[in-house]
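# Structural description and commentary
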Amino acid sequence: MSKFKRVLIANRGEIAKRIYNALRDLSITPVIPIVEKEFAQCRTCYPYAVLLKVEDGIFLNKEKLIEIAKENECQAIHPGYGFLAENAEFARLCEQNGIIFIGPPANSIELMGHKETARVIAEKSGVSPVPGFSLKGLTEDEILKKAKEIGFPVLIKASLGGGGKGMRRVDKEEELFENIRMAKSESKEYFASEDIFVEKYVVNPRHIEIQIFSFPGGRTVYLGERECTIQRRHQKIIEESPSPIVDEKLRNEMGEAAVALADTVSYVGAGTVEFIVDRDKNFYFLEMNTRIQVEHPVTETVYGVDLVKWQVQEAMGLVVNVPQDKIKPNGHAIEFRVYAEDPENNFMPSPGKILRYVEPKIPGVRIETAVRDGYEIFPDFDPMIAKVIVFDSNREDCIEKSKRVLNELAVLGVKTNIDFLKSVIEHPAFLKGDLDTGFIEKYSGFLFAEKRDAKFSKEEAVLLASVVEKEGKGNVEKVEGDKDYFPQISDWLP
Ligand code: ADP
């Protein structure tokens, strides 16, 4: 297969920029469609790209994306994550049009995209899924009997659900059928399918996932784990590698389970197998994501690889052949998802214009973002501002460094979760690695405590102080409370 000249990036925001960088490293011209609204603020980000001014909704419009790819002589499309990244129909449509879809075969996407089917495949591969059962063909009596067998609480899930949506926890048996009815109708509305199933609700587990990469010819390697237990609304906000509880033996067991699963569906490329891990370190298959994940930089940092580059190289038919015994973790990495959101108001998105954006200049810090001064976070899209990945030789030092990084990251103009993320890593339980998915709820008293009595709003004071420190105009401790010493917000207006 010949080298790609042009590749269409069917995505936006930080992941579009990430893919753009990988393509540039491979001397491939990225073609980037940009929606009308974002055009002005994005064009300067992409000096080497072919910019296409297109209408809203583009990233879900399969036919239009293919048309754009053809018109611009792209040999392949990278879908990133979200949007059409796990859409088997889109992968097939690409193929039918002679365009390479940078991702696994449509068939693998389809099998793993249906959570209930994926559970069956896991069992076939010798990997235990979370205890549960399919509702298909069962009477109400049988359903109740099975639910009691696995024990309440249970979790009703939409087979095609994702992004933390389509789940209903049921604590009591008398609430089961009412919730099943609601879950079916929600699933129909959001995912155009009434397929739902029941799983045991594992109380306060850990979420630990394995990064895999399958090379053509059926060889799959695993690149260790990511601990993704710190979540809000079932959505990850802090991810790290290695996990504080995973030793080499457990890593190998989970890795081999993930590889077995990938092999069963003849997987190709980058993928993630997610597990729920209980207090006794028993792990259960949750689902497989057949794409590059938001948190992939954590693995890249600790394993010294470029997964997006691997994806593109593999799609070009180049042999990326890394033996399993050469894949060893080095040091520790933590990723923070910085969002325009209001932690105090149930993490509601807080879109708006970013007046000033300043990144800390600290060795061992990688920041993935498309944001710059004056960038507007629109309510139409995910309100992510940046992913901040911090690396150090061990977990303790990595946490310490992360505190400084979060202190010195300045985002002015919108509410952000930066302070909240800092509170999480300041909690003694986080430092001990004593984590579960209920962490935020459990420690809410500590995490949401008002910590500053400032003249500016809490957030502005921190952000301005960070800017002051970075611009070398003073020391944060010294100037706090001294209003005149702070630059005025108008100083930072674009
Ligand atoms: P989605 O595809 O919507 O992201 P997942 O199945 O990956 O859904 O689950 C997302 C999160 O929901 C998990 O990381 C975990 O916190 C929680 N969760 C999912 N299944 C269970 C379960 N059976 N028991 C307890 N928590 C669960």
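Parameters and conventions
Here the residue numbers are simple positions, counted from 1 along each chain's written sequence. Owing to the predicted nature of the model, reporting of local features is limited to residues with pLDDT of at least 70; listing and counting of side-chain atom pairs is limited to 80 or more, with chain, interface and lining totals taken over all residues. As a convention, hydrogens and water are excluded, and side-chain values are obtained from all of the structure's heavy atoms. Just so you know, the domain bounds were taken from an automatic or database domain assignment. The contact criterion used throughout is that any non-hydrogen atoms of two residues lie within 4.5 Å. We define a salt bridge as a contact between a side-chain nitrogen of Lys or Arg and a carboxyl oxygen of Asp or Glu at a distance within 4 Å. Under this definition, polar contacts are N or O atom pairs within 3.5 Å; protein pairs additionally need one hydrogen-donor-capable and one acceptor-capable atom, and for neighbouring residues in sequence, both atoms have to be side-chain atoms. In this classification, Asp, Glu, Lys and Arg are treated as charged, Ala, Val, Leu, Ile, Met, Phe, Trp, Tyr, Cys and Pro as nonpolar, and every other residue, Gly included, as polar. Only a single heavy atom is needed: when it lies within 4 Å of a molecule or strand, its residue is near that molecule or strand. By the criteria applied, helices consist of DSSP H or I runs no shorter than four residues and strands consist of E runs no shorter than two, each listed in order from the N terminus. Known as pLDDT, the predictor's per-residue confidence is scaled from 0 to 100. Two strands make a pair as long as DSSP finds a minimum of two bridges between them. Axis definition: a line fitted to C-alpha atoms, over the contacting stretch in the case of helices. Angles run 0 to 180 degrees between N-to-C directions. For every residue, the accessible area (1.4 Å probe, protein chains only) is compared with the maximum for its type, and the residue is labelled buried under 20%, exposed over 50%, or partly exposed between those bounds. These descriptions rest on fixed angle ranges, namely under 35 degrees for roughly parallel, over 145 for roughly antiparallel, 65 to 115 for roughly perpendicular, and the rest for oblique. The definitions used throughout rest on a 1 Å grid laid over the protein atoms alone, on which a cavity is an enclosed set of points accommodating a 1.4 Å probe that cannot get out and a pocket is an open set flanked by protein within 12 Å on both sides along at least five of seven lines; lining residues are those having an atom within 4 Å of a point. Grid points are joined across faces, edges and corners, and a volume is the space filled by probe spheres set on the points.

For the rest of this paragraph, the subject is the domain arrangement of the chain. Interfaces are frequently sized by the accessible area removed from exposure as the parts join. Each assigned domain of the chain is listed with its residue range as follows: domain 1 (6–102), domain 2 (131–200) and domain 3 (206–447). The gap between the C-alpha centroids of domain 2 and domain 3 is 29 Å. Taken together, the six residues of domain 2 in the interface contact five residues of domain 3. Our count for the domain 2 to domain 3 interface comes out at zero salt bridges. The interface formed by domain 2 and domain 3 contains one residue pair in polar contact (both at pLDDT 80 or more). Taken together, the residues that form the side of domain 2 that touches domain 3 break down as two nonpolar, two polar and two charged.

As a matter of local geometry, the ligand sits amid 21 residues, with Lys115, Gly164, His207, Gln231 and Glu287 nearest to it. At a separation of 2.9 Å, a nitrogen atom of the ligand approaches a polar backbone atom of Lys200. Taken together, the elements giving at least two residues each to the shell around the ligand come down to strand E7 (154–162), strand E8 (165–170), strand E9 (196–200), strand E13 (269–277) and strand E14 (283–289). Of the residues forming the shell around the ligand, the biggest block, three residues, is contributed by E7. By residue class, the composition of the shell around the ligand is seven nonpolar, seven polar and seven charged.

Time to look at the confidence of the model for the chain. The pLDDT averaged across the chain works out to 91; a share of 91% of its residues lies at or above 70. In this model residues 452–456 is a low-confidence stretch, pLDDT under 50, and it forms 12 contacts with partners more than four residues away in sequence or in other chains.

This part is about the sheet that holds E7. What the four strands build is an open sheet, ordered E6-E9-E7-E8; its pairing is antiparallel. Strands with a single pairing partner mark the edges of an open sheet, and in this sheet they are strand E6 (132–134) and E8. Ignoring strand direction, the axes of neighbouring strands in this sheet form an average angle of 20°. Relative to E9, E7 runs antiparallel, the two being bridged by five bridges. Of the residues in E9, the one forming a bridge with Lys157 is Phe197.

What follows deals with the side chain of Arg206. Within the secondary structure, Arg206 sits in strand E10 (residues 206–215). Judged by relative accessible area, Arg206 falls into the buried class, the value being 8%. Reaching out from Arg206, the side chain makes a polar contact with the backbone oxygen of Leu435 at a distance of 3.5 Å.

Here the focus is the packing of helix H5 (residues 106–113) against helix H6 (residues 115–124). Two elements in contact, H5 and H6, have axes whose closest approach is 5 Å; the angle formed by their N-to-C orientations is 100°. As the angle between them shows, H5 and H6 are arranged roughly perpendicular. On H6, the residues touching Leu111, Met112 and Gly113 of H5 are Lys115, Thr117, Ala118 and Ile121.

Overall, the coordinates contain two cavities of 30 Å³ or more when judged by the stated rule. Around the largest cavity sit Asn11, Arg12, Gly13, Ala16, Ile32, Pro33, Ile34, Val35, Glu38, Cys42, Tyr46 and Phe59, which together line it. Of all the elements in the fold, those that place two or more residues in the lining of the largest cavity are helix H1 (13–25), strand E2 (29–35) and helix H2 (36–42). Among the elements that take part in the lining of the largest cavity, E2 stands out by supplying four residues, more than any other. A breakdown of the residues in the lining of the largest cavity according to their chemical character gives eight nonpolar, two polar and two charged. Roughly 30 Å³ of volume is contained in the second largest cavity. As for the second largest cavity, its lining consists of His78, Pro79, Gly80, Ala85, Phe101, Ile102, Gly103, Pro104, Thr290, Arg291, Ile292 and Gln311. In the lining of the second largest cavity, the residues fall into six nonpolar, five polar and one charged. Among the domains, domain 1 (6–102) and domain 3 (206–447) are the pair contributing at least three residues each to the lining of the second largest cavity.

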